Amino acid sequence: MAETSPKQFTPYIPASQIIPEFTFKAVMLGSLFGILFGAVTVYLGLRAGLTVSASIPIAVLSISLLRFFGRGTILENNIVQTTGSAGESVAAGVIFTLPALIFLGFPLEYTRIFLLALIGGWLGVLFMIPLRRQLIVKEHGNLSYPEGTACADVLVAGEKGGSFAGRVFMGLGIGGVYAFLMHAMRFWYRTPEYRPEWYHGASIKAEVTPEYLGVGYIIGPKVAGTIFAGGIFSWLLMMPAIKFFGGMLKEPLYPGTIPIAQMEPDQIWASYIRPMGAGAVAAAGLITLMRTMPTIINAIKSGVKDLRAEKTQHVESVSRVENDLPMNIVIIGSIVLVAFIWALLTFMPVPGADTGLLANLLSAVLVVIFGFLFVTVSSRIVGLIGSSANPVSGMTIATLMATCALFLIAGWTGGAYAALAITIGGVVCVAAANAGATSQDLKTGFLVGATPSKQQLGLMVGVMVSVFVIGMTLILMNKGLAEYKPFQLSLNVMELPEGVQVESREFEYEGKNYYLVNAIGSRTVPDGKYLYSPETQQIEVQWIQGIGSERAAAPQARLMATVISGILNQRLPWGLVLLGVFLVVAIEVLGIRSLAFAVGSYLSIGTTLAIFCGGIVRWLAEGKATGGKGEGEVSSGSLYASGLIAGGGIFGLAAIGIALMETPSGPDQTGVFGLKPGDFAVGPKVLDSIGIGFLSSAHLFSVAMFLLLAGSLFYYAKKQVGTK
């Protein structure tokens with residue numbers, strides 16, 4: 001598959017050859033992968049703030065499974081990876097935006113997530129149909145689409161007899177067992193930590209999970225190191241500095257609500273580092289977007305030119321490899337979806353966020369304008385630099401800033417319009433993310449000789465099935481990772497301070513009725529949700545929702561909420577935000593791409609250190625010290641790492657599900673099937689029965705188990721694919 005001009009290019013399967021492609025088994029298997037990787041992406045993205053491409057792992061698994069059930073064709077395998085990868089890209093767009101509803105004080109609703117993800121995903125596919133010929137075909141040789149090209153290489157190798165699936169299954173099995181033993185059975189501690197007594201405010205810890213190790217290996221030592229550098233800056237420089245200079249203050253320093261001297265490292269991170277990190281991520285995203293402006297302008301010009309040319313040309317016959325879905329489907333489908341957005345906002349508004357017909361109509365129009373713009377941009381950018389570097393968050397920030405500016409001019413500044421803005425941003429973000437992945441899939445299809453219309457149908461199916469599980473996983477994590485902690489604070493509900501509101505006067509917890517209170521941008525109550533007792537007239541419990549906690553930080557969604565709140569409500573600690581902005585400027589002046597550093601500065605060091613360990617393993621496997629050679633996109637190590645990510649994600653979600661099943665409810669205060677909290681956590685009991693029970697809470701034992709897992713990754717990274 002040499003890089004030649006479109007006229008000279010001959011795909012692996014010529015246009016004249018007809019073989020099975022859009023078959024029932026291919027679509028069904030692709031749908032199952034879409035559901036699986038959609039859920040795993042939600043889990044990974046909320047926790048690590050990163051996602052990885054699913055196309056190559058799905059292609060590898062498809063080759064093996066279809067071969068097991070009776071040999072499948074290369075085009076069937078392509079339909080499987082095309083359909084399955086839609087789940088990963090739609091999930092990425094969802095988790096980058098829609099959890100912001102929580103941070104803005106609104107509930108997550110399954111139906112709303114489902115519909116917005118479906119609309120955004122389908123718009124991303126529809127808008128890419130008229131752009132395929134320009135960007136994929138005519139720009140062949142100019143736009144490489146690296147992930148799409150690598151995936152085509154995997155499919156061709158599998159067709160010729162290559163076998164890669166063993167590495168993925170091995171990683172999935174080992175990562176899954178490791179994750180289940182740690183999360184559900186609690187044989188060892190999940191987050192070993194060291195707080196040096198001689199360096200107050202600092203904390204060194206790592207979430208020793210297989211998915212973080214796998215992510216670090218795939219993104220490589222350079223990116224992983226840059227992310228960890230951001231973590232070092234925040235946790236080992238800024239936080240000790242805040243503790244040192246602020247420790248003498250007797251009063252709280254906004255946005256903190258208790259004196260700094262009384263704060264633990266996690267509280268310093270939540271109060272001061274997060275706003276600074278949000279400013280850094282916003283600035284880095286916008287800089288990345290500005291850097292790609294020439295690409296954006298060229299993409300828009302080329303797209304308009306190509307559409308005009310198609311209107312003036314009459315094509316009598318279209319070959320199989322040039323057969324796209326017709327334009328009338330694109331136009332009618334887009335109109336129907338936009339009308340559906342208007343109807344959704346009008347007849348099913350976010351609870352507590354009713355808006356008028358004019359605002360809803362403007363929102364639908366903005367979705368079309370920004371959607372088509374950033375679908376075009378996203379497709380061309382991933383063609384140049386790959387999906388992992390696609391600045392989707394930057395495009396979404398630009399969408400939100402423009403939308404909020406229009407709302408501000410119109411005087412629409414209430415909380416309802418914040419929910420409306422994130423709705424627009426969410427649909428656009430999903431469309432742009434899915435367009436990038438769709439472009440890679442169409443490039444793969446172009447190289448192997450797929451029928452574009454069948455791929456486009458596969459993408460529509462993949463979006464439709466994956467959105468069923470994306471919202472469910474989002475809500476599952478929000479509930480399963482939630483914590484209720486004692487919290488004492490007097491509050492006068494008759495005269496609530498600015499930024500505090502009562503969401504509900506009927507909220508039952510442990511058999512007692514509370515008021516549910518939400519705080520955003522208050523100077524007296526930290527951001528979050530609380531349970532207020534009308535009897536004692538005090539807040540008694542802090543409800544730490546899973547999304548937004550240290551275990552599921554959701555950095556991009558937090559950033560979106562920060563942007564919206566800052567523009568519409570003017571409730572931002574601008575000093576901290578600007579610290580993050582100028583930190584990014586300094587990083588850029590040093591000649592370093594700042595986005596990875598900015599994300600690292602926002603995330604917990606527990607996440608960034610674990611990811612860095614994966615990068616170190618790859619450096620050791622490839623470096624001069626081991627005599628290894630650099631790996632490409634498809635290698636034994638990357639396939640095993642993909643398995644670790646899938647296994648860790650699947651069994652991590654299973655552990656969350658088990659925790660929910662164990663949650664006491666009803667008159668007998670038991671969980672599902674009579675389970676009680678801790679029934680599955682047999683690890684400490686087993687270890688205690690053999691006289692080593694102390695290991696279950698020993699931090700060094702956790703480190704040792706993680707090193708064993710890293711050793712397995714290094715071992716398989718050094719072995720050639722196909723060896724045992």
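Being a predicted model, the structure only gives us computed values, none of them experimental.

Helix and strand counts for the protein stand at 23 helices and 7 strands. Across the 724 residues in the protein, those meeting the buried criterion constitute 58%. Contacts in the protein between residues far apart in sequence, at least 24 positions, make up 80% of those at least 6 positions apart. Just so you have it, the protein exposes about 29,000 Å², and 65% of that area is on carbon and sulfur atoms.

The subject of this paragraph is the confidence of the model for the protein. Summing up the model confidence of the protein, the mean pLDDT is 82 and the portion of residues at 70 or higher is 87%. No element of the protein has a lower mean pLDDT than helix α11 (residues 293–312), which averages 61, and none a higher one than strand β2 (residues 204–205), which averages 94. This stretch, residues 1–6, has a pLDDT under 50; its non-local contacts, to residues over four places away or in other chains, come to 13 contacts. The low-confidence segment residues 624–633 (pLDDT under 50) makes 20 contacts with residues lying over four places distant or belonging to another chain.

The next thing to look at is the pairing of strand β7 (residues 538–544). Regular strands place side chains that alternate from one sheet face to the opposite one. When you tally the buried positions in β7, you get 6 out of 7 residues, the bulk of the element. Taken together, the 6 bridges between strand β3 (residues 483–490) and β7 define a ladder with antiparallel strand orientation. Considered in β7, the bridge of Ser490 is made with Gln538. Bridge analysis of strand β6 (residues 528–533) against β7 gives 5 bridges, and the strand direction is antiparallel. From the neighbouring strand, Leu531 faces β7, where its bridge partner is Val541. What sits between β6 and β7 in their antiparallel hairpin is a turn of 4 residues, with Gln537 showing a positive phi close to 55 degrees.

Moving on, we come to the pattern of salt bridges. Under the counting rule described, the total for this entry stands at 9 salt bridges. Across the pair Glu264 and Arg195 runs a salt bridge, and its minimum N-O distance is 2.6 Å. One end of the pair, Glu264, is in the loop between α9 (210–246) and α10 (265–291); the other, Arg195, is in the loop between β1 (193–194) and β2, with 69 residues separating them in the sequence. A relative accessible area of 41% places Glu264 in the partly exposed class. Judged by relative accessible area, which is 33%, Arg195 ranks as partly exposed.

On to the sheet that holds β3. Picture the strands of a sheet paired through backbone hydrogen bonds; they go either parallel or antiparallel. Taken together, 5 strands build an open sheet; the order of strands is β3-β7-β6-β5-β4 and the sheet is antiparallel. Two strands in the sheet have a free side with no partner beyond their single neighbour: β3 and β4 (500–509). If you compare each strand with its neighbour and ignore which way they point, the axes differ by 30 degrees on average.

On to the side chain of Gln455. Examined against the element boundaries, Gln455 turns out to sit in helix α16 (residues 452–480). Gln455 gets classed as buried once you look at its relative accessible area, which sits at 2%. When sequence neighbours within four positions are dropped, the list of residues in contact with Gln455 reads Asn78, Ile79, Thr82, Asp441, Leu442, Gly445 and Ala450.

The next point concerns the nonpolar core. Across soluble globular proteins, you tend to see nonpolar side chains buried next to one another. If you look at the biggest cluster of nonpolar residues, it comprises 140 residues, and the most contacted ones within it are Leu46, Val94, Leu474, Met477 and Ile564. The leading source of residues in this core is helix α15 (residues 415–448), at 19 residues. In terms of nonpolar packing, the next biggest core, distinct from the first, is built from 53 residues, Trp235, Ile260, Ile605 and Met705 among them.

Quick notes on the rules
Residues numbered from 1 in each chain as written. Predicted model: local features only at pLDDT ≥ 70, side-chain atom pairs only at ≥ 80, totals over all residues. Heavy atoms only, no water. Helix = DSSP H or I, 4+ residues; strand = E, 2+ residues; numbered from the N terminus. Buried < 20%, exposed > 50% of the residue type's maximum accessible area, 1.4 Å probe, protein only. Contact = heavy atoms within 4.5 Å. Areas by Shrake-Rupley, 256 points an atom, 1.4 Å probe, with all protein chains shown as cover. pLDDT = per-residue confidence, 0-100. Pairing = 2+ DSSP bridges. Salt bridge = Lys/Arg side-chain N within 4 Å of Asp/Glu carboxyl O. Axes fitted to C-alpha atoms, helices over the stretch in contact; angles between N-to-C directions. Core = buried A, V, L, I, M, F, W, Y, C linked by side-chain atoms within 4.5 Å.

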